[in-house]
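# Observations on the model geometry
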Amino acid sequence: MELDPVVLSRIQFAFVISFHIIFPAFTMGLAAWLATIEGMRLFTGNMLYRRVFDFWLKVFAVSFGMGVVTGIVMAFQFGTNWGALAERMGSIQGPLLGYEAFTAFMLEATFFGVMLLGRDRVPQGFYFFACCMVALGTMLSSFWILANNSWMQVPVGHEIVDGRIIPADWSAIVLGPVMLVRWPHMLLAAFLTSAMSIAATGAWYLLRDIHRPAARVMLHWGLGLTAALIPLQIFFGHLAGLYVLQHQPAKFAAIEARWQSQQPASEVLIAWPNQASGRNLYAIEIPRLGSFIASGDWTSRETGLDAFPQEDRPPVLIPFLGFRLMVGMGLIMLAVSWLGNVLRWLGRLETTRWFLWGTFLSFPTGFIAVLSGWYTAEVGRQPWVVYGILRTRDAVTPSLTTSDVMISLTVYMLVYAVLGSFGISYIYKLLRDGPGGAAEAIPNATASRPMAFADTADTATGGTPHPRRQK
């Protein structure tokens with residue numbers, strides 16, 4: 001592969017967005033969870049929720065800051081590396097990114113300060129309102145970004161005048177059927193990423209026998225939320241697959257590594273696609289299943305890559321493996337969360353160490369699923385940057401040289417390495433130290449009943465008291 005400005009610009013964009021997306025994917029779900037925990041504290045008066053909230057607020061603040069800093073470069077790159085893209089579709093992309101700033105950033109910037117500094121300065125109800133507004137702001141941010149990306153995946157509601165793409169129907173661009181599938185899919189991915197991270201943190205503390213009351217809240221809530229959300233995510237994932245089949249058949253064929261059209265079509269479970277020879281190595285297949293998955297008919301004909309010109313075919317290896325990695329992470333989350341809730345029902349959740357280890361080690365599943373899903377969508381869209389309208393090679397800034405991109409890519413990698421090492425190490429320090437301290441204003445706690453805190457913890461999670469606290 002020749003490292004020309006197009007390839008290097010794609011590598012640079014992939015690197016920057018990969019580093020950036022893990023932080024919004026985490027903070028979107030975490031902001032919603034913080035608002036929920038603060039609401040539970042107001043509703044129940046249980047100050048254990050306050051301790052858990054204050055702990056995760058610190059993690060949220062650092063992650064949020066990292067997301068903002070790394071996100072600035074995303075918009076910057078459109079002008080430096082993708083000038084032709086900005087010129088051709090600026091009348092659509094510009095307003096969408098502007099709406100993000102006017103709505104999402106305004107909410108986040110206004111109320112995030114209240115979250116950080118206003119606990120003892122504003123009424124409790126207003127503080128809860130601020131938490132909800134920050135959560136809403138993070139979700140609105142994802143809405144406008146997904147609207148922009150979904151339009152690039154399946155362009156609708158536009159017309160082309162003098163070579164420029166201009167909006168003709170904003171409702172179709174912002175609220176099209178593809179957007180209304182992809183946005184919930186991304187939101188649920190963010191919620192699952194946060195829920196698994198919270199559950200894994202709680203399991204880690206229980207394995208170390210520290211912060212047990214707060215750890216129970218994290219473990220029980222994290223597993224409960226994951227168990228409830230993962231079926232919804234599977235449903236929206238199926239809908240996302242149907243939109244790809246309908247609007248991007250070449251991408252669907254690449255995801256399935258289907259080199260020739262088949263009737264009936266088999267389903268390739270795992271293989272090593274060889275682009276040069278146009279075949280799968282070491283393939284494990286199930287006959288007819290591919291037809292049923294795609295069309296609900298065991299004998300339907302399914303389109304292969306041979307139906308498309310060579311120049312319109314996407315790379316196969318990354319979409320094929322990326323999709324299976326994403327699905328695999330989802331199945332792990334499904335198994336861990338549902339098994340955890342069975343153990344909780346049996347009263348064995350906090351004493352089954354092998355399961356706690358499994359939950360702890362599942363910490364990165366959400367992040368991996370988000371990244372692999374994003375790679376599947378973006379690489380599978382090639383060779384188009386605006387599907388069917390603008391090719392990637394025609395979207396790069398014409399004056400860009402190989403040395404220009406090499407310099408900027410090197411600088412980004414060095415800066416992100418420094419920024420990431422400090423940010424991630426500080427987040428790890430916060431997680432390692434844990435909530436710490438004692439909760440305030442524990443109901444029923446007196447000098448003669450000092451362990452009332454443990455009772456509130458068990459009440460909050462529905463768990464059973466630790467054996468050393470049994471009478």
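Each chain carries its own residue numbering, running from 1 in the direction its sequence is written. Only residues with pLDDT of at least 70 are given local features in this predicted model, and only at 80 or more are side-chain atom pairs given and counted; all residues enter the totals for whole chains, interfaces and linings. With hydrogens and water set aside, each side-chain value is computed from the structure's full complement of heavy atoms.

Naming follows an unreviewed UniProt entry, where the chain appears as Cytochrome ubiquinol oxidase subunit I of Rhizobium leguminosarum. UniProt positions are given in the numbering used here, feature names are shortened, and annotations may be inferred rather than shown by experiment. According to UniProt, the comment filed for the chain under the heading Sequence similarities (unreviewed entry) is "Belongs to the cytochrome ubiquinol oxidase subunit 1 family."

### Focus: a nonpolar patch on the surface
A patch is a set of surface residues, each over 30% in relative accessible area and not in a salt bridge, joined within 9 Å for like charges and within 5 Å for the nonpolar side chains Val, Leu, Ile, Met, Phe, Trp and Tyr. Accessible areas in this description were obtained via Shrake-Rupley with a 1.4 Å probe; residue shielding takes into account the shown protein chains only. Salt bridges are counted wherever a side-chain nitrogen of Lys or Arg sits within 4 Å of a carboxyl oxygen of Asp or Glu. A surface patch of nonpolar side chains, amounting to about 600 Å² of accessible area, comprises Leu339, Val342, Trp345, Leu346 and Trp354. A run of DSSP states H or I qualifies as a helix once it reaches four residues; a run of E qualifies as a strand once it reaches two. Both are numbered from the N-terminal end. It is helix 10 (residues 317–346) that provides the largest number of residues to the nonpolar patch, a total of four residues. Only protein chains enter the area calculation, which uses a 1.4 Å probe; residues under 20% of their type maximum are buried, those over 50% are exposed, and those in between are partly exposed. For Trp354, a relative accessible area of 57% gives the class exposed.

### Digging into the pairing of strand 4 (residues 279–286)
Pairing geometry for strand 3 (residues 267–274) and strand 4, over six bridges, is antiparallel. Following the sheet pairing, Pro273 is matched in strand 4 by Asn280. Here, strands pair whenever DSSP counts at least two bridges between them. Here strand 3 folds back onto strand 4, and the loop between the two strands holds four residues, one of which, Gly278, carries a positive phi near 65°.

### Re the state of the cysteines
Cysteine sulfur atoms are paired as a disulfide whenever they come within 2.5 Å of each other. Taken as a whole and assessed by the stated rule, the structure comprises zero disulfides. The thiol of Cys131 is not disulfide-bonded; the next cysteine sulfur, from Cys132, is found 6.8 Å away.

### A look at the side chain of Ser197
Relative to the helices and strands, Ser197 resides in helix 6 (residues 179–208). We define a polar contact as two N or O atoms separated by no more than 3.5 Å, with the added condition that, inside protein, one atom must be a possible hydrogen donor and the other a possible acceptor, whereas residues neighbouring each other in sequence contribute only through side-chain atom pairs. A polar contact of 2.8 Å, which involves the side chain of Ser197, links it to the backbone oxygen of Thr193. With near-sequence residues (within four places) excluded, Ser197 lies in contact with Phe26, Trp56, Phe363 and Phe367. Here, two residues are considered to be in contact whenever any of their heavy atoms come within 4.5 Å of each other.

### Things to note about the packing of helix 2 (residues 47–80) against helix 7 (residues 212–247)
Here, axes are lines fitted to C-alpha atoms. For helices the fit covers the stretch in contact, and angles between N-to-C directions go from 0 to 180 degrees. With their axes 10 Å apart at the nearest point, helix 2 and helix 7 run at an angle of 75° to one another. In terms of axis orientation, helix 2 runs roughly perpendicular to helix 7. Within the contact between the two elements, helix 2 uses Leu48, Tyr49, Arg51, Val52, Phe55 and Trp56 and helix 7 uses Pro213, Ala214, Val217, Met218 and Trp221. Each residue is assigned to one class: nonpolar for Ala, Val, Leu, Ile, Met, Phe, Trp, Tyr, Cys and Pro, charged for Asp, Glu, Lys and Arg, and polar for all the others, Gly among them. Grouping the constituent residues of the contact of helix 2 with helix 7 by class yields ten nonpolar, no polar and one charged. For this classification, under 35 degrees means roughly parallel, over 145 means roughly antiparallel, 65 to 115 means roughly perpendicular, and everything else is oblique.

### Section: the layout of surface pockets
Here the second largest pocket defines a volume of roughly 1200 Å³. In terms of lining residues, the second largest pocket is bounded by 42 residues, among which His185, Gly237, Phe323, Met326 and Val327 are the most central. Considering each element in turn, the lining of the second largest pocket owes the most residues, eleven residues, to helix 7. Considered class by class, the residues forming the lining of the second largest pocket number 27 nonpolar, ten polar and five charged. As defined here, a cavity is a set of points on a 1 Å grid over the protein atoms alone where a 1.4 Å probe fits but cannot get out. A pocket is an open set with protein on both sides within 12 Å along at least five of seven lines, and residues line them when an atom is within 4 Å of a point. Grid points are joined across faces, edges and corners, and a volume is the space filled by probe spheres set on the points.

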